[in-house]
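Working through the structure, step by step
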Protein chains: 6
Amino acid sequence: MPERLTHIDDAGNARMVDVSPKQVTKRTAVATGRIEMSGEALDAIRAGNVQKGDVLGTARIAGIMAAKKTGDLIPLCHPLALDAVNVDFGFENGAIRVTAIATISAKTGIEMEAITAVSVALVTIYDMAKALDKGMEIGGIRLIAKEGGKSGSWRAEGYGDFEV
Amino acid sequence: MPERLTHIDDAGNARMVDVSPKQVTKRTAVATGRIEMSGEALDAIRAGNVQKGDVLGTARIAGIMAAKKTGDLIPLCHPLALDAVNVDFGFENGAIRVTAIATISAKTGIEMEAITAVSVALVTIYDMAKALDKGMEIGGIRLIAKEGGKSGSWRAEGYGDFEV
Amino acid sequence: MPERLTHIDDAGNARMVDVSPKQVTKRTAVATGRIEMSGEALDAIRAGNVQKGDVLGTARIAGIMAAKKTGDLIPLCHPLALDAVNVDFGFENGAIRVTAIATISAKTGIEMEAITAVSVALVTIYDMAKALDKGMEIGGIRLIAKEGGKSGSWRAEGYGDFEV
Amino acid sequence: MPERLTHIDDAGNARMVDVSPKQVTKRTAVATGRIEMSGEALDAIRAGNVQKGDVLGTARIAGIMAAKKTGDLIPLCHPLALDAVNVDFGFENGAIRVTAIATISAKTGIEMEAITAVSVALVTIYDMAKALDKGMEIGGIRLIAKEGGKSGSWRAEGYGDFEV
Amino acid sequence: MPERLTHIDDAGNARMVDVSPKQVTKRTAVATGRIEMSGEALDAIRAGNVQKGDVLGTARIAGIMAAKKTGDLIPLCHPLALDAVNVDFGFENGAIRVTAIATISAKTGIEMEAITAVSVALVTIYDMAKALDKGMEIGGIRLIAKEGGKSGSWRAEGYGDFEV
Amino acid sequence: MPERLTHIDDAGNARMVDVSPKQVTKRTAVATGRIEMSGEALDAIRAGNVQKGDVLGTARIAGIMAAKKTGDLIPLCHPLALDAVNVDFGFENGAIRVTAIATISAKTGIEMEAITAVSVALVTIYDMAKALDKGMEIGGIRLIAKEGGKSGSWRAEGYGDFEV
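What counts as what
- Residues numbered from 1 in each chain as written.
- Chains lettered and ligands numbered in written order.
- Predicted model: local features only at pLDDT ≥ 70, side-chain atom pairs only at ≥ 80, totals over all residues.
- Heavy atoms only, no water.
- UniProt positions renumbered as here; feature names shortened; annotations may be inferred.
- Contact = heavy atoms within 4.5 Å.
- Buried area = accessible area lost by both parts, 1.4 Å probe.
- Salt bridge = Lys/Arg side-chain N within 4 Å of Asp/Glu carboxyl O.
- Nonpolar A, V, L, I, M, F, W, Y, C, P; charged D, E, K, R; others polar.
- Helix = DSSP H or I, 4+ residues; strand = E, 2+ residues; numbered from the N terminus.
- Expected span 1.5 Å × (residues − 1).
- Buried < 20%, exposed > 50% of the residue type's maximum accessible area, 1.4 Å probe, protein only.
- Least-squares fit on C-alpha atoms with pLDDT ≥ 70 in both.

Chain A carries the name Cyclic pyranopterin monophosphate synthase in an unreviewed UniProt entry, which gives Croceicoccus mobilis as its organism. What UniProt states about chain A under its Sequence similarities (unreviewed entry) heading is, verbatim, "Belongs to the MoaC family." Quoted straight from UniProt, the Subunit (unreviewed entry) entry for chain A says "Homohexamer; trimer of dimers."

What follows is about the interface of chain D and chain E. In this assembly, five residues from chain D lie in contact with five residues from chain E. Summed over both sides, the interface of chain D with chain E buries roughly 540 Å², with 63% coming from carbon and sulfur. When the area that chain D buries against chain E is broken down by residue, the three leading residues are Thr58(D), Ile61(D) and Met65(D), summing to 56%. Remark: the boundary between chain D and chain E carries zero salt bridges. A per-class count over the side of chain D that touches chain E returns two nonpolar, one polar and two charged.

Taking 1.5 Å of rise per residue, the 19 residues of helix H4 (residues 111-129) of chain D would be expected to cover 27 Å, and the 27 Å separating its terminal C-alpha atoms lies within 8% of that figure. Of all 19 residues making up H4(D), 19 are buried, and the element is well covered by its neighbours.

All names here are of chain A. The positions that UniProt labels "binding site: substrate" (unreviewed entry) are, in the present scheme, Leu76, Cys77, His78, Met112 and Glu113. These residues run over 38 residues, yet every pair of their C-alpha atoms falls within 12.8 Å of each other. On the secondary structure map, Leu76 appears in the loop between helix H3 (70-73) and strand E2 (84-92). Along the polypeptide, Glu113 turns up in helix H4 (residues 111-129). Here Glu113 falls in the buried class, since its relative accessible area comes to 2%.

In this section: the relation of the copies chain E and chain F. When chain E is brought onto chain F, the operation consists of a screw motion whose angular component is 180° and whose axial shift is 0.0 Å, with 0.0 Å RMSD remaining. These values place the two chain copies in the arrangement generated by a two-fold rotation axis. Within chain E, Gly139(E) has its C-alpha nearest the rotation axis, a separation of 1.8 Å. A share of 98% of interface residues in chain E that are also interface residues in chain F marks the association as one of identical surfaces.

Structure below.
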């Protein structure tokens, strides 16, 4: 681990890390997160989803489009031309889980795109269900896998030994 | 509580709610969330913050700017011309808390702007500290207070009886 | 009809029309358009739509989000905070029809938002079906109804006497 | 031709196609479209154009800028760093024709950028002339030529055997 | 004059000023600036301008579109729905002058929109002429007039007693 | 020096230069500019900066984010995926100086990104200090160094023989 924050220069000011000396390699990142809600709200989304798919369909599009805007949203992120980003959903007990996978051939990693996709997909679900439940809570947003780049393959503990 | 998802029309398709019959009133929303990280990462941010303020300063600007982009990010949100949005930070045990307050005079509420500000500020902290800790986790993102509009004043349980 | 182009000043330069003396009134606009494609492409979309709804669901979200960006895309359009915009689809013989309705309380009309929603929804359908048919053609994009503002109610000929 | 929609995954959900295994090659696309209008509107634009060039000059800039935003507008399009995009106009009988050519070295084609440039240039002409003619109609938007990529050179029938 | 920076809160952090208690009034702002360049570059633009108008025509559109993005560019600016913004040019000795006027009915002033329009129009001229002169310099960007709001009418010294 | 404006085609219309035949090389650009203000305003920023760093910290983030939007703001600029951009400040007599350095591996230069970063950082300082001084003036915005590309290394006269 580095001893200091990579975005802070010697005088402590914010800076964008210069990636020009780094190699272009294929890089993949997987992020996840969840939104907890009342059974009533969950049922309404599930029913809507079974019939027409629009709550999760809208959140999926929102997450994909947000991944493409990561460099616009996160001040010190490099703008990246993604090879792919996809967003999936799963129903859990009292919650909906969102997982995003992003891929690129670039000099820098793609974690922020995957995390941004998950975050905005979750906020979109919140928006669409907020009339049913004001107490929903978004949590568990984190990176669970990373491939490529100098540091190679990495998996979060507790999420198994899956392949991406 | 309404019996159905307000963004879904009778055929189950996504739609933007028509707010034209609603009254313009002053509306305020407060949202919160947190990012858990290692003591090492927390210390680095705290030290940077005490000396130069740039990690949290950058996240604050990112959150404010994201609130202004809420209508661009969340598909069925109305575009709103905010009267104000502000973002604050607090150090907790093993985490940094972000709180955002947004205000507007409009026909529709401002919850999504507050939640978007919190979410993007947290993702920005993640970006700036990710070289120190790959296992950080963002959570506890939720609405804690709401003022104005037809439904009036609302407070989340467990956050006290504060005034905004 | 005015005798000159309203966006061109006396010296012939492009200019944004000053709407500050105009009244805020409720305004509505309806636009339509269609994309012609092979039976094979149409069947694939229809089948996908019946089962999962994703082609048209994605195009609907794209159209709604584009309407919110009209002022960013069309150089001399005023930025407008829409009260609502919605996008619908119908299958025709050899084509898919897109119709959008936009509503606002403002000093200026909402035609461009409705036309932008239709155009971007159609281009999105094109994008999603282009692997099946390179010869698709987008056409018939026009305004069909307008309500509100100084000029009041207007209907395009040949589209009936409907209410919006 | 593929047997299924390339943007739909096995479960029927919208997805961004992963282009990471594809080769970077030079790719070019040409798209066209037209806007029909009254003789009065056409004369006003033509006169303005001969003298000062601003209606078509504005539409040209709008088309070029929109091509750069294609990935922001069309949900499942890859963000692409264009090598060039240019937009031209021609007067036809009762209409103005817009043609756009886009070029890139990338893993995926550039058709959507050319079609987006044409569409937004046409909508911009509509915006600038709408005070003169509410009945204008945009149509004939389609791809007419494609170079590069695995499928190589393609020309639409009826547009001749031109070189790009 | 206030004794402290209005965007800094009591703890010294950046904040967006809350304009919710302020009155909606009509507000106008005029800003100006210039770009100095070699006679060769100036002649090329002037010739292009007389014949076809495209350098200044492009800069005019860029300035107008940038004014609409002011809230996206300047972190603590309120998003404002402009009533009008226009950009004009004049040839001076060794320079081109850009002047922008912006108008709105809002709770807060419109100076930043006028200054942003001038700045981006000047940077666009720079971009279009940079192959002719690498030593161009942009300067003299400032507010010259302000109308409306609590502080009323204001004129910069040395720019005469004009009416807006 | 070329004999004609590179963005204007043979018919005098605006066009985006086709960079597809150009080589990808590492390119760097440095731009600078300054904002003159009253001693009172300068002292307030300096004091704020020593304690909390927020005026210049906010302007730094605004400049970095604007550099990433250069292709969105400047009509004929190519969209570029920056390797790095950084913004620094210095206090001068009666003014604050802003300097930006941008780096990329691309087919075209990065001057516009450096100039855009400087311009928007200066406009942000203006925004944050305008309540203290309505007469501030932004000037001296120019390129001071360029590395890479076919034309190689270039330095503005009067800025010394520094290395970037």
